[in-house]
Amino acid sequence: MSKKGVKLTSMVKTSGCAAKLAPAILDSVLSSLPKMSCDKLVEGFGGNEDALVYDLGEGNALVETVDFFPPMVDDPRTFGRIAAANAISDVYAMGCTPALALNILCIPSCLDSSVMREILLGGQEKVAEAGAVVAGGHTISDPTPKYGVCVSGFGRIASIWRNQGAMIGDVLVLTKKIGTGIIMTASKGEMVEQDSFDAAVSSMQMLNRKASESARDLAVHAATDVTGFSLLGHSLEMAGKGDVTLRIEGNKVPLMPHVLELANFGLLPEGMYNNRDFVLGKVDFNGISQQMQDVLLDPQTSGGLLFSMPVGDAEKLRDRLDGNAWIIGEVLPRGDKLLVVV
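This section reports on the structure supplied with the text. (Residues numbered from 1 in each chain as written. Predicted model: local features only at pLDDT ≥ 70, side-chain atom pairs only at ≥ 80, totals over all residues. Heavy atoms only, no water.)

With respect to the sheet that holds strand β5 (residues 133–141)
With mixed pairing, the 6 strands of this open sheet are ordered in space as β1-β2-β3-β6-β4-β5. Each having just a single partner strand, β1 (41–43) and β5 make up the two edges of the open sheet. For this sheet the average axis-to-axis angle between neighbouring strands, irrespective of direction, equals 25 degrees. When strand β2 (residues 52–57) meets strand β3 (residues 60–69), the two strands line up antiparallel, connected through 5 bridges. (Pairing = 2+ DSSP bridges. Helix = DSSP H or I, 4+ residues; strand = E, 2+ residues; numbered from the N terminus. Axes fitted to C-alpha atoms, helices over the stretch in contact; angles between N-to-C directions.)

A word on the nonpolar core
Phe79, Leu231 and Val253 are the most contacted members of the largest nonpolar core, which has 77 residues in total. If you tally residues by element for this core, the top one is helix α2 (residues 76–93), at 8 residues. Non-local contacts of Leu231, meaning those with residues more than four positions away in its chain, are made with Leu174, Ile178, Val226, Val253, Leu296, Leu306 and Ile328. Ala211, Val220, Leu305 and Ala314 belong to the second largest nonpolar core, which has 17 residues in total. (Core = buried A, V, L, I, M, F, W, Y, C linked by side-chain atoms within 4.5 Å. Buried < 20%, exposed > 50% of the residue type's maximum accessible area, 1.4 Å probe, protein only. Contact = heavy atoms within 4.5 Å.)

Some details on the packing of α2 against helix α5 (residues 194–205)
Contact pair α2 / α5: the axes reach a minimum separation of 7 Å and the direction vectors enclose 50 degrees. In terms of orientation, α2 and α5 fall into the oblique class. Note on element contacts: α5 touches α2 through Val201, Met204 and Gln205, opposite Thr78, Arg81, Ile82 and Ala85. Per-class residue counts for the contact of α2 with α5 are 4 nonpolar, 2 polar and 1 charged. (Parallel < 35°, antiparallel > 145°, perpendicular 65-115°, else oblique. Nonpolar A, V, L, I, M, F, W, Y, C, P; charged D, E, K, R; others polar.)

Looking at helix α7 (residues 230–239)
By the criterion of burial, α7 is predominantly enclosed, with 10 of the 10 residues buried. Restricting attention to buried positions, one finds in α7 the residues Ser230, Leu231, Leu232, Gly233, His234, Ser235, Leu236, Glu237, Met238 and Ala239.

Here we look at empty space enclosed by the protein
Applying the stated criterion to the full structure yields 1 cavity of 30 Å³ or more. Lining the largest cavity, in full, are Cys17, Ala18, Lys20, Leu21, Ala22, Pro23, Gly228, Phe229, Gly271, Asn274 and Asn275. Residue contributions to the lining of the largest cavity peak at 3 residues, all from helix α9 (residues 270–279). Its residues assigned to classes, the lining of the largest cavity shows 6 nonpolar, 4 polar and 1 charged. (1 Å grid on protein atoms, 1.4 Å probe; cavity = no way out; pocket = protein on both sides within 12 Å on 5 of 7 lines; lining within 4 Å. Points joined across faces, edges and corners; volume = space filled by probe spheres on them.)

Considerations on the pattern of salt bridges
Throughout the structure, instances matching the rule amount to 14 salt bridges. The partner of Lys252 in a salt bridge is Glu249, with the nearest N and O atoms 3.5 Å apart. Three or more residues joined by partner-sharing salt bridges are found here, namely Arg77, Arg81, Glu118 and Glu125. (Salt bridge = Lys/Arg side-chain N within 4 Å of Asp/Glu carboxyl O.)

Examining the sheet that holds strand β7 (residues 171–174)
In space, the 7 strands of this open sheet follow the order β8-β11-β7-β12-β9-β13-β10, with mixed pairing throughout. The open sheet is flanked by β8 (222–225) and β10 (283–284), the only strands paired with a single partner. By the bridge criterion, 5 bridges tie strand β9 (residues 244–248) to strand β12 (residues 326–333) in an arrangement that is antiparallel. By the bridge assignment for β12, Leu246 is matched with Val331. The sheet strands contacting α2 are β8 and β11 (305–309), and the helix crosses β8 at an angle near 175 degrees.

Quick notes on the packing of aromatic side chains
As enumerated under the stated definition, the model contains 3 aromatic pairs in all. Taking the centre distance of 6.4 Å and the plane angle of 35 degrees together, the rings of Phe69 and Phe79 count as tilted. In this pair, Phe69 is assigned in strand β3 and Phe79 in helix α2, connecting sequence segments 10 residues apart. Both rings, one in Phe79 and one in Tyr147, keep their centres 6.3 Å apart while their planes meet at 75 degrees; by these two values the pair is edge-to-face. Here Tyr147 lies in strand β6 (residues 146–156) and Phe79 lies in helix α2, a separation of 68 residues in the sequence. Note on Phe79: relative accessible area 0%, which makes it buried. Connected via pairs of aromatic rings, a cluster forms that spans Phe69, Phe79 and Tyr147. (Phe/Tyr/Trp six-rings, centres within 6.5 Å; stacked < 30°, edge-to-face > 60°.)

Below you can see the structure in the form of structure tokens.
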């Protein structure tokens, strides 16, 4: 319950990264826009990267991203932490270091000002944990609460990770368990076990800082973070323009408690259906149950990093993260489908 007894989640239709536009619609609109070019722009939105990359000269780069969404929890400070962690993740997914953040807050004027303060405090806590600083922002009055941050970070152009470049023989490594969208949907219906809810909230608040920093001296051939387009949607982006097929072993994908049971009960976010439409015809599910398909298409909020890397480096990363990194598949020569799930 939020301040003054108001449930933030009762004020929204969709929550977290499940509120993202359908990927097929987004792709259609973005591909129709006039192309803009700049000699200093190394990566824009054309390559589906997690953040833009701008050449500062002498091999240095500015990376910048923005993300915001409606609440998936009722506690405003927890919401602020989750939203900030989610936005900062894009910088970590590029192998870079966050430095500056700007708040983006839409808040109903009917809410007590303490709710706004708690959301901003939560975001500030995560930005500080990332070693960055909140330097300003923008607020508007809006009946639907939304919060997030624009994040700027820095890195070396030669060392920046991209979401494409997976090499045949690589393995796929995931650094957080899957299931936040389904669990938060069940929570809104008051049909979730406490251990599931606690696991999801803890995971969503956790920065991807340790996972990113632990992999920076390893051979990362491709990287992204798993958010609203689901594990399979982001895996497709990783496979998309290369001559490879990604093979994911469903029984090796780490799941949060009771997620399969909740999927079996039909407690599925709207974003899952959008993700299913997006991957249609591009994925061979190879006999995978409907419930497991739904989980793999579940829109994640502040999900983990997904790496394509040699198996030896994957094992090193797993050791560095105390086992909190799972080898879930491999990279194969291009087959009939971009993605195979077995």
